[in-house]
Amino acid sequence: MDRLFCKGYTWGWCSRSGDYQTKAARASMTRLASNGLDWICITVNVFQETYYSTRIFADFKFTQTDEDVIHAIKMAKDMGLKVCLKPVVNCMDRVWRARINFPKENKSYWENWFRSYNNFIAHYAKIAEETGCEMLCTGCEMEGMDSQTDHCRKMIANVRKLYHGIIMHNVNHGDEMRFPWLVDVDVVGISAYYTVSSPEDRSLDAMKKAWLSKVEILEKCHEYYGKPVMFAEIGVRNEQGCTQYPYDFTHRPDVPFDEDEQADFYESAMWATWDKPWFSGYFWWDWKAILPPEEKAHENKDFTVYGKKAEAVLKKWYTKD
C-alpha cells in the first residue's frame, strides 16, 4: 500500500452557520490550496453545556449546518483536495473538552454521554460516507473519553458500519501511548503542540534539536500501535516566545509579534518528520473560513499563517519535489 501522506491544513474552525457557503469562504479555501495542499481538514463544532453534561447538541448560530458542511466538502473536492471531516465537541462553560469526565462510581453518566456521542459521530460518519470524504476524525483531545476503552472500541466499530474511509483519532501530545484501543483506528493523530525552545535559545537550530526527541516519541507511538502517526493538529502563534508554549491561546498584548519564530517552528517540524516512513503528514492549525484583507494579516497573533512569513515556509515544503 502506498504511504499515506497528508500535505494538509485545518480550515474553518469556529465558523458561524452559513459562513462556509459564502464567496469569502471560497476565496479563503482557494488561497489555502494555492500553498500546495493535497488534503484539507474541515471542522464542525457542536456543544455540550458543561464538562459534566451528558447531552451533545448543535447550536445553529455557531454549529455549521449540514448544508454548510456538504458545500465545503464539495468545494474542496472541486479544488482537487482530499478531505478529512473533523466534528468536534466543545463545552459551553469554556472548559477544555479533555476535561469531560464523570464520577467512576456511577457508570450511567458515561453510558448516557456515549449514547449522545455515538449519535453525534454517526451523523457525521454518514455525511463523510455520502460525500466521499477520504478521512474521518472520531475525536479530538478527549482524554476523559479516551480513557473509556470499551465504549471507545464500540464507537469505532459502529462508525465502521457507516463509513468506509480512513478513521483517524486525535489525542493530545503527552497521551501518545495512553490508550491501547487506538489499535482499532487506521491513523493515530497527535495534537503536536510540543515545546521546542527555551527562554535562552529560540533559534532554528535549537528547535531542530528539540524535535529529534519528539520524533523518538512519535516513532515509539507508531511501534506501540502498529499504525501510522500524523500531526492531526500542529501550529504556533506569531508571538515572541511562542515555541515555548505552542498550545497556549492566551492573548498577551504586551508580548511582541514574531513571525520569524512562527516560521522557524514550521521549518523545524517539517524538517524533522517529512521523510519518516511511518509519518502521515500534517493538518496545521488553523486557517479561517473568512479572511481579513491581506494588508491586515500581520495585525493578529493567531495560529493562522495567512499573509505571514510561515505561509512561504508551508508552500516551500508542500510544493517541493
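That block above? That's the structure.
First things first, this report covers the structure right here in the doc.

Looking now at the environment of Asn172. Mapped onto the fold, Asn172 is located in strand 5 (residues 166-172). Spatially, the C-alpha atom of Asn172 lies 7.1 Å from that of Ala192, the residues being 20 residues apart in sequence. Aside from chain neighbours lying at most four places away, what touches Asn172 is Trp96, Glu141 and Ser191. Here His173 takes part through its side chain, which lies 3.3 Å from a polar atom of the side chain of Asn172.

In terms of residue burial, strand 3 (residues 82-91) counts as a mostly covered element, since 9 of its 10 residues are buried. Pairing of strand 2 (residues 39-48) with strand 3 involves 10 bridges; the strand directions are parallel. Note that in strand 3 the partner of Thr43 across the bridge is Lys86. Viewed along the sheet, the connection from strand 2 through helix 2 (residues 66-78) into strand 3 turns out right-handed.

With that settled, consider helix 6 (residues 204-225). With 22 residues, helix 6 ought to run about 32 Å at 1.5 Å a step, and its terminal C-alpha atoms sit 31 Å apart, in line with that. Of all the positions in helix 6, only Ala206, Met207, Lys208, Ala210, Trp211, Lys214, Val215, Leu218, Cys221 and Tyr225 are classed as buried. Summarising the contacts, the buried residues of helix 6 are in contact with strand 6 (187-191), strand 7 (229-234) and helix 7 (259-273). Phi for Gly226, located one or two positions after helix 6, is positive at around 70°.

To continue, consider the nonpolar core. Side chains of a nonpolar character, in soluble globular proteins, are inclined to be buried together. Formed by 89 residues in total, the largest nonpolar core has its most connected members in Trp11, Ile42, Leu85, Trp113, Tyr117, Tyr266 and Trp284. Core analysis: the second largest hydrophobic core is formed by 11 residues, Cys41, Cys137, Met168 and Ala232 among them.

This part takes up the packing of aromatic side chains. Taken as a whole and judged by the stated rule, the model has 33 aromatic pairs. On the basis of an interplanar angle of 70° and a centroid distance of 5.7 Å, the ring pair of Trp287 and Tyr306 is categorised as edge-to-face. Linking Trp287 in strand 8 (residues 279-287) with Tyr306 in the loop between strand 8 and helix 8 (309-318), this pair joins segments that are 19 residues apart in sequence. With respect to class, Trp287 is no different from Tyr306; both count as buried. It is Arg252 that lies over the ring of Tyr245; its NZ or CZ is 4.2 Å from the centre. If you follow Lys301 out to its NZ or CZ, it ends over the ring of Phe257, 5.1 Å from the centre.

In this structure, the largest pocket spans a volume of roughly 840 Å³. Along the wall of the largest pocket there are 26 residues; nearest its centre are Trp13, Cys14, Asn90, Arg94 and Arg97. For the lining of the largest pocket, the secondary-structure elements that each account for two or more residues are strand 2 and strand 3. Partitioning the lining of the largest pocket into residue classes produces 14 nonpolar, 5 polar and 7 charged. Computed from the structure, the second largest pocket encloses a volume of approximately 330 Å³. Lining the second largest pocket are 18 residues, and of these Trp110, Ser147, Gln148, Thr149 and His151 sit closest to its centre. Considered class by class, the residues forming the lining of the second largest pocket number 3 nonpolar, 7 polar and 8 charged.

Let's shift gears to unusual backbone geometry. Of note, the bond from Trp285 into Asp286 is cis; its omega dihedral lies within 30 degrees of zero at -20°. Its location among the elements puts Asp286 in strand 8. With a phi close to 60°, Cys14 is a non-glycine residue in the positive phi region. Given the relative accessible area of 48%, Cys14 is considered partly exposed.

About the cut-offs
- Residues numbered from 1 in each chain as written.
- Predicted model: local features only at pLDDT ≥ 70, side-chain atom pairs only at ≥ 80, totals over all residues.
- Heavy atoms only, no water.
- Helix = DSSP H or I, 4+ residues; strand = E, 2+ residues; numbered from the N terminus.
- Contact = heavy atoms within 4.5 Å.
- Polar contact = N/O pair within 3.5 Å; in protein donor to acceptor, adjacent residues only side chain to side chain.
- Buried < 20%, exposed > 50% of the residue type's maximum accessible area, 1.4 Å probe, protein only.
- Pairing = 2+ DSSP bridges.
- Right-handed = clockwise from strand over helix to strand, strands pointing away.
- Expected span 1.5 Å × (residues − 1).
- Core = buried A, V, L, I, M, F, W, Y, C linked by side-chain atoms within 4.5 Å.
- Phe/Tyr/Trp six-rings, centres within 6.5 Å; stacked < 30°, edge-to-face > 60°.
- Lys NZ or Arg CZ within 6 Å of the ring centre and 35° of its normal.
- 1 Å grid on protein atoms, 1.4 Å probe; cavity = no way out; pocket = protein on both sides within 12 Å on 5 of 7 lines; lining within 4 Å.
- Points joined across faces, edges and corners; volume = space filled by probe spheres on them.
- Nonpolar A, V, L, I, M, F, W, Y, C, P; charged D, E, K, R; others polar.

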